[in-house]
Amino acid sequence: MIPLKSLGRWLRPGLLFALSVFMTGCSSAILAPKGQVGHDQKTLLITATVLMLLVVVPVIFMTLAFAWKYRASNTKARYEPKWSHSTAIEVVVWSIPCMIVLVLAVLTWRSSHSLDPYRPLESEAKPVVIEAISLDWKWLFIYPEENIATVNEITFPVNTPLNFKITSDTVMNAFFIPHLGSMIYSMTGMETKLHLIANETGTFPGMSSHYSGAGFSKMHFDANSVTEAEYQAWLAKVRAQSTPLDQAAFGTLAADKNHDWHPVTYFGSTETGLFDWVVARHMGDNQHYGMDHKAMNHKGMSHGAAGESHEGHEMPAGAHDMPADHAEHTADEHAAAGHAGHAGSGE
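Computed from a prediction, not measured in an experiment: that's the story for all the values here.

A.B. asks: Explain the overall build of the protein to me, please; I cannot follow it from the model alone.
C.D. replies: Helix and strand counts for the protein stand at eight helices and 15 strands. Burial status across the protein gives 32% buried among its 347 residues. Here the contacts in the protein between residues at least 6 apart in sequence split such that 70% fall between residues at least 24 apart. Surface accessibility of the protein: about 21,300 Å² in total, with carbon and sulfur atoms responsible for 62%.

A.B. asks: Help me understand the nonpolar core, please; the structure alone is not making it clear to me.
C.D. replies: Note that soluble globular proteins tend to have their nonpolar side chains buried in a common cluster. Ranked by size, the top nonpolar core spans 31 residues in total, and within it Ile 154, Phe 164, Phe 175 and Ile 177 carry the most contacts. Broken down by secondary-structure element, the contributors of at least two residues to this core are β1 (128-135), β2 (138-143), β4 (153-157), β5 (162-168), β8 (192-196), β10 (220-226) and α4 (228-239). For this core, the element with the highest residue contribution is α4, accounting for four residues. In contact with Phe 175, not counting residues within four places along its chain, are Ala 132, Trp 139, Phe 141, Phe 164, Ile 166, Ser 182, Met 183, Ile 184, Leu 194, Met 207 and Phe 221.

A.B. asks: Would you mind showing me how to read the sheet that holds β10 here?
C.D. replies: Working definition: the strands of a sheet are paired by backbone hydrogen bonds and lie parallel or antiparallel to each other. In space, the five strands of this open sheet follow the order β4-β10-β9-β6-β7, with mixed pairing throughout. Two strands bound the open sheet, and with one partner strand each, they are β4 and β7 (183-186). Averaged over all neighbouring strand pairs, the angle between strand axes comes to 25 degrees, with direction disregarded. The pairing of strand β9 (residues 202-208) with β10 spans six bridges and is antiparallel. Each bridged residue has a counterpart across the sheet, and for Gly 206 the counterpart in β10 is Phe 221. Packed on one face of the sheet, α4 meets β4 and β10 and runs near 140 degrees to β4.

A.B. asks: Looking at this structure, I do not really get the sheet that holds β8. What am I missing?
C.D. replies: Reading across from one edge, β8-β5-β1-β2-β3-β12 is the order of the six strands in this open sheet, with mixed pairing throughout. Bordering the open sheet on either side are β8 and β12 (265-267), each of which pairs with just one other strand. Across the sheet, the mean angle from the axis of one strand to that of its neighbour is 20 degrees, orientation sign disregarded. In this structure, β1 lies alongside β2, joined through five bridges in antiparallel fashion. Among the inter-strand pairings, Leu 135 is bridged to a residue of β2, identified as Lys 138. Lying on the sheet, helix α5 (residues 247-255) is in contact with β1, β2, β3 (148-151) and β12; it crosses β1 at an angle near 50 degrees.

A.B. asks: Is there a simple way to think about the side chain of Thr 155 in this case?
C.D. replies: The topology assignment puts Thr 155 in strand β4. When its relative accessible area of 3% is taken as the criterion, Thr 155 is described as buried. A polar contact is formed between the side chain of Thr 155 and the side chain of Asn 224, at a distance of 3.3 Å. Within the local environment of Thr 155, its side chain forms a polar contact with the side chain of Trp 234, the two groups lying 3.5 Å apart. Excluding anything up to four places from it in sequence, Thr 155 contacts Tyr 143, Asn 224, Val 226, Tyr 231 and Trp 234.

A.B. asks: Before we go on, may I ask you to explain the pairing of β8 in this structure?
C.D. replies: On any regular strand, side chains alternate: one points to one face of the sheet, the next to the other face. In terms of burial, β8 is largely enclosed, as four of its five residues are buried. Relative to β8, β5 runs antiparallel, the two being bridged by five bridges. The partner of Ile 166 across the bridge, within β8, is Thr 192.

A.B. asks: Sorry, what's going on with the pairing of β3 here?
C.D. replies: Along β3, one buried face is formed by Ile 148 and Thr 150 and the opposite face, lined by Ala 149 and Val 151, is buried too. Relative to β3, β2 runs antiparallel, the two being bridged by four bridges. Note that in β3 the partner of Ile 142 across the bridge is Ala 149. Linking two consecutive strands that pair antiparallel, namely β2 and β3, is a turn of four residues; a positive phi of about 60 degrees is found at Asn 147 within it.

A.B. asks: Looking at this structure, I do not really get helix α3 (residues 87-114). What am I missing?
C.D. replies: Note that an α-helix has 3.6 residues per turn; residues three or four places apart therefore point the same way. Here α3 is 28 residues long and its end C-alpha atoms lie 40 Å apart, about the 40 Å a rise of 1.5 Å per residue gives. Regarding α3, the residues found buried are Ile 100, Leu 104 and Ser 111. Where α3 is buried, its residues meet α2 (36-69).

About the thresholds
- Residues numbered from 1 in each chain as written.
- Predicted model: local features only at pLDDT ≥ 70, side-chain atom pairs only at ≥ 80, totals over all residues.
- Heavy atoms only, no water.
- Helix = DSSP H or I, 4+ residues; strand = E, 2+ residues; numbered from the N terminus.
- Buried < 20%, exposed > 50% of the residue type's maximum accessible area, 1.4 Å probe, protein only.
- Contact = heavy atoms within 4.5 Å.
- Areas by Shrake-Rupley, 256 points an atom, 1.4 Å probe, with all protein chains shown as cover.
- Core = buried A, V, L, I, M, F, W, Y, C linked by side-chain atoms within 4.5 Å.
- Pairing = 2+ DSSP bridges.
- Axes fitted to C-alpha atoms, helices over the stretch in contact; angles between N-to-C directions.
- Polar contact = N/O pair within 3.5 Å; in protein donor to acceptor, adjacent residues only side chain to side chain.
- Expected span 1.5 Å × (residues − 1).

Given below as structure tokens:
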């Protein structure tokens, strides 16, 4: 049997180390939020942890206490080998966890709606719209209302809502500014949304929190929260750049698959609708079960010369040389059938 004093001497260094590690984590971005969303998430995290500790801590304490009290060497402990039930204990061990689970359920339900990343933030200030596109391996930010764009840097006024529209031009990534709050994924052919706000000025690190390839570790950026005057000065600085961001410039930027951190780059003007173009170019004509059937007008379709490929299949000459009434009948059959073959594919 290990003496209690010896056990305490052995455990003391480990407890001090664990405490130091925990206190070091208190300075992390998640536990030191700089925005309202981050503050609300921190409160939710601490509240849920405390509620769960109401069960965990007493169970750990009672496990150690019972093991010590009813040890073999303690002859004063009451010995009841046939004990099997206690109504009072059953009430305690079931009622307290049930109440905690109920409180957690209500808390989770309410916070799931109030902290929905798609939900706009209430503020008297006009939101700043930022379109974020993840590339290999850098972040491109477009300010559509300001007609500018940047790489690996965003700047915005403090106490102003940020409305992010997010997509990817390559593989899936995750957009995350830990000091400000929620993380959300960026995916090709899709648009996700995120609403954040900074309550303090400062520079907060942003990152991709989802592994996406060789340059993933260098895929980070600065989020600068500044005063309104500093924000306007920054806009003027970016607009002074003569380089425009159009489809050609975007193609050049996307082709540069940097493995090291890509330097901050400014574009003084942007092509209108570039973000929507990036989303749409990964969708192609796939609008319904993976196909755009409205474009498949067999009546008016010109199949061209002999041997021309139709949807990837070689066809002999004259295969589509048919009377106009038969072509119209064929088109009507396709429309009525609803392309059941595609619907049944499970796409």
